[in-house]
Amino acid sequence: MMYQEAALLLVLLFVSSNVVLSAPVRDGLLPNGNFELGPKPSQMKGSVVKERTAVPNWNIIGFVEFIKSGQKQDDMVLVVPQGSSAVRLGNEASISQKISVLPGRLYSITFSAARTCAQDERLNISVTHESGVIPIQTMYGSDGWDSYSWAFKAGGPEIEIRFHNPGVEEHPACGPLIDAVAIKALFPPRFSGYNLIKNGNFEEGPYVFPTAKWGVLIPPFIEDDNSPLPGWMIESLKAVKYVDKAHFAVPEGHRAIELVGGKESAISQIVRTSLNKFYALTFNVGDARDGCEGPMIVEAFAGQGKVMVDYASKGKGGFRRGRLVFKAVSARTRVTFLSTFYHMKSDHSGSLCGPVIDDVRLVAVGKLRG
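Under an unreviewed UniProt entry, the chain has the name DUF642 domain-containing protein and belongs to Arabidopsis thaliana. Recorded in UniProt under Subcellular location (unreviewed entry), the annotation for the chain is "Secreted, Cell wall".

Right under this line is the structure:
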């Protein structure tokens, strides 16, 4: 019996030593998320990847090209967002990668995309159990690409992230360039002191590349349960931009939101209020020090109240405080911010920009006060 028990113990030790439990992915680039590791020459025909697993750490389906910086298509130079290489997804093509995550945890994906030859380009992004559509036909910056974010809640310990081009163009290679795919675990938003707004300083948000000087777009997710900006909804037709203190002027803390699409670029949050009680909404309005000059106006709405806060921007940073006192007309109140006007940077690049909002606070007050 002793020999049998010893043999069983050895078997169990052998099995356990060969079971590899992958640790949850860390914040930052996915393995080969910048596509700097490419296929072998034997796995390509021209720029087209011929084998499904030729790009390390990724699986590909359909017409996928491995693009090097400076590569041309006809007379057009294909722009690689970061580093020296990226992938381009042709008609109905996709790339995917499996990663380990914490079940039930909220995550945000950040990636860079560049439009090539199709005017109405879209990109489907999905995990094992959720999906979303990212419109990329509007270029917000002048570099030829933008960084986008998308959020999901992990349904299990392993998920598969997939990027898919749903387009059907005459040219089979016509499709977006994808580069710099990163992930970040997000924490549920919480109240801070007496402030009824969650994540009012926007410190919790998508991953921002340390060297990226263009911010991260948060597209509208009207029907999505999860937001890469915890606590907030993007309810407009255009995206808002998530900016960081390392590259922009931020009124408070390290992160803020730039409203880059005029009245088509709005964020909102639904908060619990007491009927007929008065509340004071305060917030910062400024500019991101990104060359966005001229008169700006941010409109803030809460309950049946509205305030328009003007700010004269010189494009060099700065802010002022806005305030709205209102009476709650229901148990839940929607707080919304938008920019009255469209703005473009003063460098004539055509880059969209706008006012920055930050440090949003909502507190109960005893009576109506201006």
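There's more to say after this.
**Q** Any details on the overall build of the chain? Residues and values, ideally.
**A** Counting its secondary structure elements, the chain contains one helix and 28 strands. Taking the principal axes of the C-alpha coordinates as reference, the chain spans close to 80 × 70 × 35 Å. Residues classed as buried in the chain amount to 52% of the 370 residues present. For the chain, the proportion of contacts with a sequence separation of at least 24, taken over those separated by at least 6, is 74%. A total accessible area of about 17600 Å² is found for the chain, and carbon and sulfur atoms account for 55% of it. Distance from the positive charge centre (39 side chains) to the negative charge centre (36 side chains) of the chain: 8 Å.

**Q** So what's going on with the packing of aromatic side chains? Which residues, and what values?
**A** This structure, assessed with the given rule, holds 11 aromatic pairs. Here Trp 145 and Trp 214 contribute two aromatic rings whose centre-to-centre distance is 5.3 Å and whose plane-to-plane angle is 90 degrees, an arrangement assigned as edge-to-face. Pair noted here: Trp 145 is in the loop between β12 (131–135) and β13 (146–153) and Trp 214 is in the loop between β15 (177–186) and β16 (216–218), with a separation of 69 residues, a long-range link. Neither Trp 145 nor Trp 214 differs from the other in exposure class; each is buried. Counting every residue linked through ring pairs, the aromatic cluster contains Phe 202, Trp 232, Phe 283 and Phe 337.

**Q** Help me get a handle on the sheet that holds strand β22 (residues 293–302), residues and values and all.
**A** Strand order in this open sheet of five strands is β17-β20-β25-β22-β23, and the pairing throughout is antiparallel. Strands at the two margins of the open sheet, each flanked by one partner only, are β17 (233–234) and β23 (305–314). Pairing geometry for β22 and β23, over 10 bridges, is antiparallel. The residue of β23 that forms the bridge with Pro 295 is Ala 312.

**Q** Report on the pairing of strand β9 (residues 94–100), specifying residues and quantitative values.
**A** The buried count for β9 comes to six of seven residues, which makes it a mostly enclosed element. The sheet contact formed by strand β4 (residues 59–61) and β9 spans three bridges and is antiparallel. Its bridge partner lying in β9, Ile 60 is registered against Ile 95.

**Q** Tell me about the domain arrangement of the chain, and name the residues and values.
**A** Under the domain assignment used here, the chain contains domain 1 (28–185) and domain 2 (216–364). Between domain 1 and domain 2, the C-alpha centre-to-centre distance is 30 Å. Taken together, the contacts link 18 residues of domain 1 with 15 residues of domain 2. Of the roughly 1400 Å² buried at the junction of domain 1 and domain 2 (both faces included), carbon and sulfur atoms supply 60%. Applying the counting criterion to the domain 1 and domain 2 interface returns zero salt bridges. Taken together, the connections running from domain 1 to domain 2 amount to five residue pairs in polar contact (both at pLDDT 80 or more). Within the residue set of the side of domain 1 that touches domain 2, elements represented by two or more residues are β10 (106–114), β12 and β13. Considering each element in turn, the side of domain 1 that touches domain 2 owes the most residues, eight residues, to β13.

**Q** Lay out the sheet that holds strand β14 (residues 158–164) with the relevant residues and their values.
**A** Spatially, the five strands line up as an open sheet ordered β4-β9-β14-β11-β12, and their pairing is antiparallel. Both edges of this open sheet fall to β4 and β12, since each of them pairs with a single strand only. Neighbour-to-neighbour, the strand axes of this sheet turn through a mean angle of 20 degrees, independent of strand direction. Taken together, the three bridges between strand β11 (residues 122–126) and β14 define a ladder with antiparallel strand orientation. Counted as the bridge partner of Ser 126 is Arg 162 from β14.

**Q** Let's hear about the state of the cysteines: which residues, and what values?
**A** Taken as a whole, this structure holds one disulfide when the rule is applied. Paired through a disulfide, Cys 292 and Cys 353 show a sulfur-sulfur distance of 2.1 Å. Between Cys 292 and Cys 353, the disulfide has an S-S torsion of 80 degrees and is therefore right-handed. Of this pair, Cys 292 sits in the loop between β21 (278–286) and β22 while Cys 353 sits in strand β27 (residues 352–353), and the two are 61 residues apart along the sequence. By relative accessible area, Cys 292 is classed as buried at 0%. Overall, Cys 353 belongs to the buried group, its relative accessible area being 1%.

**Q** Before we move on, can you summarise the nonpolar core with the specific residues and values?
**A** Membership of the largest hydrophobic core comes to 42 residues, with the highest contact counts inside it found for Ile 95, Ile 109, Phe 111, Ile 134, Phe 152, Phe 163 and Val 181. Counting only elements with at least two residues in this core, the list comes to β5 (64–68), β8 (85–89), β9, β10, β11, β13, β14 and β15. Looking at which domains feed residues into this core, each of domain 1 (28–185) and domain 2 (216–364) supplies at least three. Excluding its chain neighbours within four sequence positions, the residues that come into contact with Ile 109 are Ile 125, Tyr 148, Ser 149, Trp 150, Phe 152, Ile 161, Phe 163, Val 181, Ala 182 and Ile 183. Val 216, Trp 232, Cys 353 and Leu 362 belong to the second largest nonpolar core, which has 35 residues in total.

About the thresholds
- Residues numbered from 1 in each chain as written.
- Predicted model: local features only at pLDDT ≥ 70, side-chain atom pairs only at ≥ 80, totals over all residues.
- Heavy atoms only, no water.
- UniProt positions renumbered as here; feature names shortened; annotations may be inferred.
- Helix = DSSP H or I, 4+ residues; strand = E, 2+ residues; numbered from the N terminus.
- Buried < 20%, exposed > 50% of the residue type's maximum accessible area, 1.4 Å probe, protein only.
- Contact = heavy atoms within 4.5 Å.
- Areas by Shrake-Rupley, 256 points an atom, 1.4 Å probe, with all protein chains shown as cover.
- Lys, Arg positive; Asp, Glu negative; His and termini not counted.
- Charge placed at Lys NZ, Arg CZ, Asp CG, Glu CD.
- Phe/Tyr/Trp six-rings, centres within 6.5 Å; stacked < 30°, edge-to-face > 60°.
- Pairing = 2+ DSSP bridges.
- Domains from an automatic or database assignment.
- Buried area = accessible area lost by both parts, 1.4 Å probe.
- Salt bridge = Lys/Arg side-chain N within 4 Å of Asp/Glu carboxyl O.
- Polar contact = N/O pair within 3.5 Å; in protein donor to acceptor, adjacent residues only side chain to side chain.
- Axes fitted to C-alpha atoms, helices over the stretch in contact; angles between N-to-C directions.
- Disulfide = S-S within 2.5 Å.
- Core = buried A, V, L, I, M, F, W, Y, C linked by side-chain atoms within 4.5 Å.

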